[in-house]
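This is what each chain is made of:
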Amino acid sequence: MPLPPDLVTRLRSLAEGTPTAPVEFLRAARGLGQVYADMTKEGQTWMEGREGGEEGEREAIHFVVAHGQTIHHEPKENLSFQLFDPWPVVRQCSVPVLYDLRQADLIAGGEGAPISPIADPILYGCDSTKGTVSIINLGGICNQTHFVTRPGEALEVSGQDVCPCNILLNGLCECLLDLPYDNNGDAARAGSVDQTVCDMLTAYVTSNTAGAVSLGRELYHKSSIRKLTDACLALPSSPSPSDILRSGVEVVAGMVAGELSRVGTVHGIVAGGGVRHTLLFDRIGALCPGLTLQRSDDTQVPSEAREAACFAVLGAISDDGHPITIPRITKATQPGVAGAWVGLEHKRW
């Protein structure tokens, strides 16, 4: 279900730190909560009449797990703001809601991210015959989960944010072509790699990623990307917009592939909106000889639904009374059970 355009504009403005009256935060949170409520209600309607289980009991949504919209992420201060109003879901759908899942890790001294590593092996399954398997999320930020199982040994899981992905590539496309994204990577395919542009983009990215466990949009504001594109266009080599987009793809693919090579990935599963950027997908594969790369869609987990499915898993883990983050990844010390529940009077199991 797409977000209403006016809500997208409002959320983006808040995430970019535009000076805003407090009431705008309230309106954005309520609007986002209403979208979640409408979507949940649609799911409930779809499930009506469906039967499941050995005795034919009707399926039902037991609870909703909601991440909300990250407005600001400040891991060095153990702070992160996920904007969301759960009450439209509770009232409209009569189900409890679990939200604000990062705070238990943050208050325990962690960065609150990444939090999908514990869910990915459950969602995708573990196969000890494959060696190291990596889940590569090509979202606004690229994050990766790596896991390996060996006969007779416990599952080993690691993960980290790697670099900006769609935040950078979409930002370049918006500044250069006035388009929200490069559909299928077609514009980038029309260009050539410019090494000077690559060096400039790499410097821009690595100035914020060095030593970081987690990254956020606030590190890569549109204004800074616009300054970067203006500087690239002014180079003596006169790169075209397509050359800059092509160079951006090469930088992102190189960073993603570099991390996969570092951990020895033999099988990668790619999810997130970047899966639709076919050039990016192809370049990651080309830079990792011997790596088997497939789209999440081919594993029966739709690429655009991977993060939502991960949060469903995290919600079930939290509901069972277990922490959802891995301390050696987030740097937390004994994080507690995550999330805040509302609407618990609707809990029926």
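Placed above this text is the structure.
Conventions adopted
- Residues numbered from 1 in each chain as written.
- Predicted model: local features only at pLDDT ≥ 70, side-chain atom pairs only at ≥ 80, totals over all residues.
- Heavy atoms only, no water.
- Core = buried A, V, L, I, M, F, W, Y, C linked by side-chain atoms within 4.5 Å.
- Buried < 20%, exposed > 50% of the residue type's maximum accessible area, 1.4 Å probe, protein only.
- Contact = heavy atoms within 4.5 Å.
- 1 Å grid on protein atoms, 1.4 Å probe; cavity = no way out; pocket = protein on both sides within 12 Å on 5 of 7 lines; lining within 4 Å.
- Points joined across faces, edges and corners; volume = space filled by probe spheres on them.
- Nonpolar A, V, L, I, M, F, W, Y, C, P; charged D, E, K, R; others polar.
- Salt bridge = Lys/Arg side-chain N within 4 Å of Asp/Glu carboxyl O.
- Helix = DSSP H or I, 4+ residues; strand = E, 2+ residues; numbered from the N terminus.
- Phe/Tyr/Trp six-rings, centres within 6.5 Å; stacked < 30°, edge-to-face > 60°.
- Lys NZ or Arg CZ within 6 Å of the ring centre and 35° of its normal.
- Pairing = 2+ DSSP bridges.
- Axes fitted to C-alpha atoms, helices over the stretch in contact; angles between N-to-C directions.
- Parallel < 35°, antiparallel > 145°, perpendicular 65-115°, else oblique.
- Left-handed = near helix turned anticlockwise from the far one by under 90°.
- Disulfide = S-S within 2.5 Å.

### Points about the nonpolar core
Counting 46 residues, the largest nonpolar core has Leu138, Val256 and Leu280 as the members making the most contacts within it. Those residues in contact with Leu138, other than ones at most four positions away along the chain, are Cys165, Asn166, Val256, Val270, Ala271, Gly272, Gly273, Gly274, Val275, Leu280 and Ile284.

### Some words on empty space enclosed by the protein
Summed over the entire model, instances satisfying the criterion amount to 1 cavity of 30 Å³ or more. There is about 30 Å³ of room inside the largest cavity. Considering the residues around the largest cavity, the lining is formed by Leu169, Asp182, Ala188, Leu245, Val249 and His277. Looking at the lining of the largest cavity, its residues break down into 4 nonpolar, 1 polar and 1 charged.

### So, the pattern of salt bridges
Evaluated as defined, the whole model comprises 12 salt bridges. One salt bridge in this structure joins Arg10 and Glu24, with 3.1 Å as the shortest N-O distance. Remark: Glu24 occurs in helix H2 (residues 22-47) and Arg10 occurs in helix H1 (residues 5-15); sequence separation between them is 14 residues. Taking the relative accessible area as the measure of exposure, Glu24 reaches 21% and is therefore partly exposed. Note that Asp85 and Arg30 form a salt bridge whose closest N and O atoms lie 2.5 Å from each other.

### Structural notes on the packing of aromatic side chains
As enumerated under the stated definition, the model contains 5 aromatic pairs in all. On the numbers, 5.2 Å between centres and 70 degrees between planes, the contact of Phe63 with Trp341 is edge-to-face. Placement of the pair is Phe63 in the loop between H2 and strand E1 (64-66) and Trp341 in strand E10 (residues 340-342), with a sequence separation of 278 residues. Site record: aromatic cluster; members linked through ring pairs are Tyr36, Phe84 and Tyr99. For Arg295, the ring lying beneath its charged end belongs to Phe281, and the centroid distance is 3.8 Å.

### Let's talk about the sheet that holds strand E9 (residues 292-295)
In spatial order, the strands read E7-E6-E5-E8-E9; together these 5 strands make up an open sheet with mixed pairing. Edge strands, defined here as strands with exactly one partner in the open sheet, are strand E7 (156-164) and E9. Strand-to-strand, the axes of this sheet are offset by a mean angle of 20 degrees, without reference to chain direction. Where helix H10 (residues 241-263) meets the sheet, its contacts fall on strand E5 (133-138), strand E6 (141-148) and E7, and the angle it forms with E7 comes to roughly 160 degrees.

### Comments concerning the packing of helix H8 (residues 195-209) against helix H9 (residues 222-233)
Across the interface, H8 lies against H9 with an axial gap of 10 Å and an inter-helix angle of 160 degrees. Judged by the inter-axis angle, H8 sits roughly antiparallel to H9. Like other packed secondary-structure pairs, H8 and H9 cross with a definite hand, here right-handed. Residues Val197, Met200, Leu201 and Tyr204 of H8 lie in contact with H9, whose contacting residues are Ser224, Ile225, Leu228, Ala231 and Cys232. Class assignment of the residues belonging to the contact of H8 with H9 gives a composition of 8 nonpolar, 1 polar and no charged.

### Examining the state of the cysteines
Taken as a whole, this structure holds 0 disulfides when the rule is applied. Cys198 provides the cysteine sulfur closest to Cys232, a residue in no disulfide bond, and the two sulfurs are 9.3 Å apart. Assessed through its relative accessible area of 0%, Cys232 is described here as buried.

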